[in-house]
Each structure stands twice: as structure tokens, then as C-alpha cells.
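Read off the chains here:
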Amino acid sequence: MRRPCSQRRAVDEAREAHDAGARQRALGLAAAVLAASCSRGGGGEQDAAPAGSAGRAPPASSGAGAGQGQRRAPAAVKELEVRKLAPGAAVTIDGRLDEPAWQAAARTGPFVNVGTGREDPSLPTQGEARLLWDDGFLYVGFDVSDATITGGFPQDARDPHLWERDTVEVMIDPDGDGDNKDYYEIQISPQNLVFDSQFDDYNAPRGGPSGPFGHQEWSAGLTSAVTLRGTIDDGSDQDRGYVVEAKIPWTAFAKARSAPPSPGDAWRMNFYAMQNNGGAAWSPILGEGNFHRARRFGRVRFVGAGGEAGGAGAPARDAGPAPVAAPARDAGPAPVTAPAGAPSAAGERPGAAAPSAPAGPKPGYRADPPDR
């Protein structure tokens, strides 16, 4: 039966509207496909890291739903140029960073949250480091802010697990390639005790949850001293922190290609102020492993006394606000100095019996992931 003209027109108009909607959807789908194709070929964050980028993390694939094959550029690490001591200049290892050489030394600036890369006032331990060098030694100075200075190890302890209490830490990859081969770990506590070890690969060798960690028979042969702004292992007062000063002989780094370095050489290093197996860092790890991840260590470039191969004393990139001033000479009692390769007596009370180590780490901030 033939429909009236008005009904045929209504049916035709409906069919045309449906066809127009289908064409609109097809055009939208084609545009989306084209845009996705262009984004995969574009620059910026989606580009893979250039081949052979030293010390950078391998580019990570995007998660599900983000498009297969997309890659993100790795985050930059901190960099620092360190001037050689001028002829005739000297540094006395007494736990006080008050010599003119230290005032002109390269500074890391305030340490940052290891996960975010930003300064974090909520962390219970803060710090910065200073660096100098000469033909015999690498000089490192730490200024740490800490309201509860904790030691708790026997004064004759050898390679105690300092990261379980309070300590500063230096990681050194002398090859400068960030591949975690043949790197060194040195920790110095407020008691002026030392943990030092050498590793063949990332966290390896390792003897189990309690160690040994790396080749603990290795010794840095360092000389160090500590001054305290407070009282160690005494909860009745509020502490302000401590200063660590050390010189490490270049002869300790047998795995280095060249030690001492020459002006222009770059090593990979990181510096930490630690408490309870966590803490703040110079160059953040950003979730790429624990504190041993060498590709996240900063680049330390050595320059001559006159600035050869670069500007001397340059601040670390993105180092943040002005560094903490060195403590005055009346900031604490006489320091405790350890002879090369030997730990000293406990803290600011030489000759006093060291307190027994408490069972397990004390409560407090814990890094994610931890150092161990």
C-alpha cells in the first residue's frame, strides 16, 4: 500500500538524518586516529632518551590505555663543579667547616625528598654537603639539621648498620657512567663511627637481610671528625644537628680509572642525611630504586684551583635556597677525630662508655624505598 506523500517525506527525512549522523561519527573517528598518529611522532616528553645517554634511566613504556610505544624522557640529575684547593691552602679535620677553603667550597644546596626531588620541611633530618679536593684527598663536609641526634652503637663497632639510626652517607661511582659497577659507599655517624664498603653491582654482593653488604673488608682509610649541636642519645633536650668533616684518600678507590682525577673529569656521587633507613638526598632517586641507584647519582666535575675546565664553586643546579651557614666555633664541644681507617669513641663525650644499641631501629620517617 502506498503511503501518503507526507508520510514518504517524513521517512526520507529520517533516513537522511541517520545517514548524516553516521558520516559525522566516521569523520570524528578518522580525526582521532590522525591525532594519535601525530602525537606518536611528535617531540617533547614522548621521545625516547638519546642512545648512549650516560647515567640516565632506560625510557619506560606508558601504562595501559596510554598508547603502546610511547616513552618518557628521563629526569635530569644534579650537577656540581668542585674546585681544587689552592696551593698553600689547608683543611684541618676538626668537625668545623670554618676555614676559608670551606667558605669558598662547592655546595650542594639543601637536600631534597628522595621521591619528589623537592625540598621537604616535614622530613626529620635535613642537610647539605660541601666538597673540595687536592692531589691526595677528597674532602667532604656535611651540615645536618636533626632534633634528635641518635647514636646507640658500641664505640668499638666495626661497620655497624649506621643507616638504622642517624648518619650521613656518600655514594661514589668513580667511572662516572652510572652503571652501578664498582661503586663505593661510606657512612659516618654522629658518634664518628664509620661504615664503608665496595660493591660490584647494584646492591651486590649481599649476604642476606643482615649482610654483609658489599665487600665490607674494603676500607676507605678516611680521617673524620664530628661536632654536635646537642646531646647524643639524650631525649631530655632538643638537639639542632651535627657537622661531619672527612678527607678520603684517592688511593682508596682502586676501581677508579684515574685517581686522583684530573681537572675536567666527572665522577658520579650522591650525598644523604639519614635517619631510620630513610632521609634526604642531594640528587633524588625518584622511585628508580633504593639509595644505591647510581644512574640517579649527581655528576661531580673536578676543576683546577684556577677554575680550569669549568667555573669553580658553582652551585648545584636546582639546588634551592641559600645553604645553611657553618656553625660557629662555640656551637658545640670539642670534636672527636678518627685516625685513618679507625672509628672514634662516642660523640661529644670522649672516654665515656657508649650506650648499648637499642633493639631495632627507632620509630620515625622511613624512605620509600629504604636504603636497605
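Our structure is the block above this text.
In this report, we go over the structure that sits alongside the text.

Parameters at a glance
Residues numbered from 1 in each chain as written. Predicted model: local features only at pLDDT ≥ 70, side-chain atom pairs only at ≥ 80, totals over all residues. Heavy atoms only, no water. Helix = DSSP H or I, 4+ residues; strand = E, 2+ residues; numbered from the N terminus. Areas by Shrake-Rupley, 256 points an atom, 1.4 Å probe, with all protein chains shown as cover. Buried < 20%, exposed > 50% of the residue type's maximum accessible area, 1.4 Å probe, protein only. Contact = heavy atoms within 4.5 Å. 1 Å grid on protein atoms, 1.4 Å probe; cavity = no way out; pocket = protein on both sides within 12 Å on 5 of 7 lines; lining within 4 Å. Points joined across faces, edges and corners; volume = space filled by probe spheres on them. Nonpolar A, V, L, I, M, F, W, Y, C, P; charged D, E, K, R; others polar. Salt bridge = Lys/Arg side-chain N within 4 Å of Asp/Glu carboxyl O. Pairing = 2+ DSSP bridges. Core = buried A, V, L, I, M, F, W, Y, C linked by side-chain atoms within 4.5 Å. Phe/Tyr/Trp six-rings, centres within 6.5 Å; stacked < 30°, edge-to-face > 60°.

1. Looking at the overall build of the protein chain
- Looking only at helices and strands, one finds two helices and 14 strands in the protein chain.
- Per element, the accessible surface of the protein chain, about 17,000 Å² overall, is 54% carbon and sulfur.

2. Points about the side chain of Ser-189
- Within the fold, Ser-189 resides in the loop between β7 (183-188) and β8 (194-199).
- Overall, Ser-189 belongs to the buried group, its relative accessible area being 1%.
- Among residues more than four places away in sequence, those in contact with Ser-189 are Leu-162, Asp-166, Thr-167 and Val-226.

3. Details of empty space enclosed by the protein
- What the rule picks out here adds up to one cavity of 30 Å³ or more.
- Space inside the largest cavity adds up to approximately 40 Å³.
- Looking at the largest cavity, the residues that line it are Val-140, Phe-142, Val-170, Ile-188, Val-244, Ala-246 and Ile-248.
- Elements with a contribution of two residues or more to the lining of the largest cavity: β5 (137-146) and β10 (241-249).
- When residues in the lining of the largest cavity are grouped by element, the largest group, three residues, is from β10.
- Split into classes, the residues belonging to the lining of the largest cavity amount to seven nonpolar, no polar and no charged.

4. What about the pattern of salt bridges?
- For the structure on display, the rule yields ten salt bridges.
- Residue Glu-164 is joined to Arg-165 by a salt bridge in which the shortest nitrogen-to-oxygen separation is 3.4 Å.
- With relative accessibility at 25%, the residue Glu-164 sits in the partly exposed group.
- In the salt-bridge network here, residues are joined through shared partners; they are Arg-107, Glu-128 and Arg-130.

5. A word on the pairing of β8
- Most of β8 is tucked away: six of the six residues are buried.
- Bridge count between β7 and β8: six bridges; the pairing is antiparallel. Looking at the pairing, Gln-187 lines up with Phe-195 of β8.
- Where β7 hands over to β8, the hairpin turn is made up of five residues, of which Asn-192 adopts a positive phi near 65 degrees.

6. Re the nonpolar core
- Leu-138, Phe-142, Ile-188 and Phe-271 are the most contacted members of the largest nonpolar core, which has 42 residues in total.
- Excluding residues that lie within four positions of it along the chain, Phe-142 makes contacts with Leu-97, Phe-111, Glu-128, Ala-129, Val-168, Glu-169, Val-170, Tyr-242, Val-243, Val-244, Phe-271 and Tyr-272.
- Within the second largest apolar cluster, 17 residues are counted, among which are Val-114, Tyr-183, Leu-193 and Ile-285.

7. Focus on the packing of aromatic side chains
- Summed over all chains, the structure comprises 17 aromatic pairs.
- Ring geometry for Phe-253 and Trp-267: centres 5.6 Å apart, planes at 90 degrees, overall edge-to-face. Here Trp-267 lies in strand β11 (residues 266-275) and Phe-253 lies in the loop between β10 and β11, a separation of 14 residues in the sequence.
- By relative accessible area, Trp-267 is classed as buried at 2%.

8. A look at the environment of Phe-199
- Looking at where Phe-199 falls in the secondary structure, it is placed in strand β8.
- With a relative accessible area of 1%, Phe-199 lands in the buried category.
- Along the backbone, Phe-199 and Glu-185 are 14 residues apart, and their C-alpha atoms lie at a distance of 8.0 Å.

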